[in-house]
Amino acid sequence: MDDSSSRQHVLQACRDHDVKFIRLWFTDILGMLKSVAITVEELEHALADGIAFDGSSIRGFARALETDMLAVPDQATFQLLPWRPREQAVARMFCDIHEVGGEPFAGDPRAVLKRTLARAAGLGLTFYVSPEIEFFYFKDAHGAEPLDEGGYFDLTTLDQASDLRRETVLMLEELGIGVALSHHEVAPSQHEMDLRYTDALTMADAIMTYRVVVKEVALRHGVHATFMPKPLTEHNGSGMHLQLSLFRGERNAFYDEGAELRLSPLARRFAAGLLRHAPETLLVTNQWVNSYKRLVPGFEAPTHQSWSPHSQAQLVRVPEHRPGQELSTRIEYRAPDAACNPYLALAAVLASGLAGMEGGYELPPATDEAPPGGVPEARALPSSLGEAIAAFEGSALMRETLGDHVFETLIANKREEWARYRVQVSEYERAQYLPLL
């Protein structure tokens with residue numbers, strides 16, 4: 001469908017569904033969703049020319065002297081928002097951010113992902129992703145009081161959130177986002193939904209939409225949903241495990257029926273790239289101080305650059321599947337958490353895998369032992385935001401992938417966050433030291 005036909009399709013959909021308002025969505029560098037609403041009377045102008053806004057007011061976008069920018073709607077992302085009224089309905093579209101002259105803005109996270117996907121496309125490859133996204137329900141936003149004491153896959157009265165999950169899944173499907181499964185996770189009041197495989201750009205948009213829907217449904221029921229990586233000290237944190245594959249047309253480039261684990265040489269090099277570049281990409285996939293409270297031993301989260309066909313504690317896993325199921329061959333990357341910017345995270349992950357492919361990286365031996373047991377040479381991942389910043393700022397791969405603007409802005413923002421965190425005195429310290437010292 002060409003631009004003109006697509007534009008007419010969107011305008012007709014607005015007439016058919018009595019749409020009055022359209023929310024134009026995009027993210028800042030940290031992955032915070034931004035929105036400007038226009039009326040349907042302004043839509044044709046917005047589709048043709050974009051909507052001007054002050055970029056200096058968006059975190060990491062522009063300096064004070066370069067403020068004017070355009071939010072240009074991606075017509076393919078038009079969807080009605082099912083939680084808004086049906087009369088004078090509300091729709092949404094994701095936007096690409098442009099300079100006023102029409103050039104794509106270098107600081108737009110969606111543009112970063114598009115550039116990286118174009119690199120893969122130049123190799124004849126399409127990047128597909130299915131995320132397993134975990135989160136918590138709490139009674140309010142001011143404490144961390146769970147709704148239940150349920151555990152993994154529980155379906156009992158302990159799982160008070162079954163109806164919340166059901167409503168969320170139905171709402172996501174109304175938005176065109178397929179959900180493969182949903183269930184209670186390991187920790188009290190922790191839940192997971194797995195989104196169906198699709199291309200990486202569509203998936204990044206879907207992840208942003210998913211986070212909004214989860215929170216909207218929770219709010220309707222008077223509870224608080226959070227994607228905070230580690231809200232409970234004594235329980236597992238919330239990850240976003242990524243199921244990854246590359247396709248050449250209709251064929252899965254990761255599949256080789258005669259190979260060990262049915263992983264093609266290309267797939268093994270891709271996995272090796274994920275392992276080798278994990279320390280420098282962690283600032284993107286795990287960008288908050290709290291992210292590193294999740295990446296500790298004993299909570300089914302990776303701590304070393306190791307991989308396994310089975311173990312949930314490794315950075316990379318190769319899920320098993322029945323022989324002959326070519327489409328099911330995939331690599332699972334377990335570092336990211338659910339609070340990252342999905343556009344930058346998927347770009348960083350893909351760039352790491354492509355570096356492994358193009359550089360001919362060798363996949364090290366697998367291990368099922370808790371790191372660093374089976375593979376003594378497996379290096380530890382950064383264990384704090386400060387260590388992640390140090391690994392990231394020396395990365396030529398991340399600078400090239402993200403571009404100078406995003407790369408330098410992210411470093412500056414994260415240094416500031418780390419500096420603020422380091423001077424805080426915690427309740428743990430007061431409880432531990434006040435009585436003794």
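Everything discussed here concerns the structure shown above.
What counts, and where the lines are drawn
Residues numbered from 1 in each chain as written. Predicted model: local features only at pLDDT ≥ 70, side-chain atom pairs only at ≥ 80, totals over all residues. Heavy atoms only, no water. Buried < 20%, exposed > 50% of the residue type's maximum accessible area, 1.4 Å probe, protein only. Helix = DSSP H or I, 4+ residues; strand = E, 2+ residues; numbered from the N terminus. Pairing = 2+ DSSP bridges. Polar contact = N/O pair within 3.5 Å; in protein donor to acceptor, adjacent residues only side chain to side chain. Axes fitted to C-alpha atoms, helices over the stretch in contact; angles between N-to-C directions. Parallel < 35°, antiparallel > 145°, perpendicular 65-115°, else oblique. Left-handed = near helix turned anticlockwise from the far one by under 90°. Contact = heavy atoms within 4.5 Å. Nonpolar A, V, L, I, M, F, W, Y, C, P; charged D, E, K, R; others polar.

Moving on, we come to the pairing of strand 7 (residues 126-138). Side-chain direction in a regular strand flips from residue to residue, so the side chains alternate between the two faces of the sheet. Most of strand 7 sits out of view: 11 of its 13 residues are buried. Bridge analysis of strand 7 against strand 12 (residues 240-248) gives 8 bridges, and the strand direction is antiparallel. Looking across to strand 12, one finds that Ile-133 is bridged to Met-240. Of the strand pairs in this sheet, strand 7 and strand 10 (residues 198-199) are connected by 2 bridges, and their pairing is antiparallel. When the bridges of strand 10 are listed, Val-129 appears paired with Thr-198. As paired strands, strand 7 and strand 9 (residues 190-195) are joined by 5 bridges and run antiparallel to one another. Among the inter-strand pairings, Ile-133 is bridged to a residue of strand 9, identified as Met-193. One ladder, built from 3 bridges, connects strand 7 with strand 11 (residues 224-226); its direction is antiparallel. Following the sheet pairing, Tyr-137 is matched in strand 11 by Ala-225.

Within the fold, Ser-6 resides in helix 1 (residues 3-16). Sequence separation between Ser-6 and Pro-309 is 303 residues, and the spatial gap between their C-alpha atoms is 44 Å. A distance of 3.1 Å separates the side chain of Ser-6 from the side chain of Gln-75, its partner in a polar contact.

One way to put it is that helix 3 (residues 109-122) packs onto helix 10 (residues 396-422) with a least axis distance of 9 Å and a crossing angle of 160 degrees. Between helix 3 and helix 10, the angle falls in the class roughly antiparallel. Considering only the axes of helix 3 and helix 10, their crossing is right-handed. Contacts between helix 3 and helix 10 involve Val-112, Arg-115 and Thr-116 on the former and, on the latter, Thr-401, Leu-402, Gly-403 and Val-406. Taken together, the residues of the contact of helix 3 with helix 10 sort by class into 3 nonpolar, 3 polar and 1 charged.

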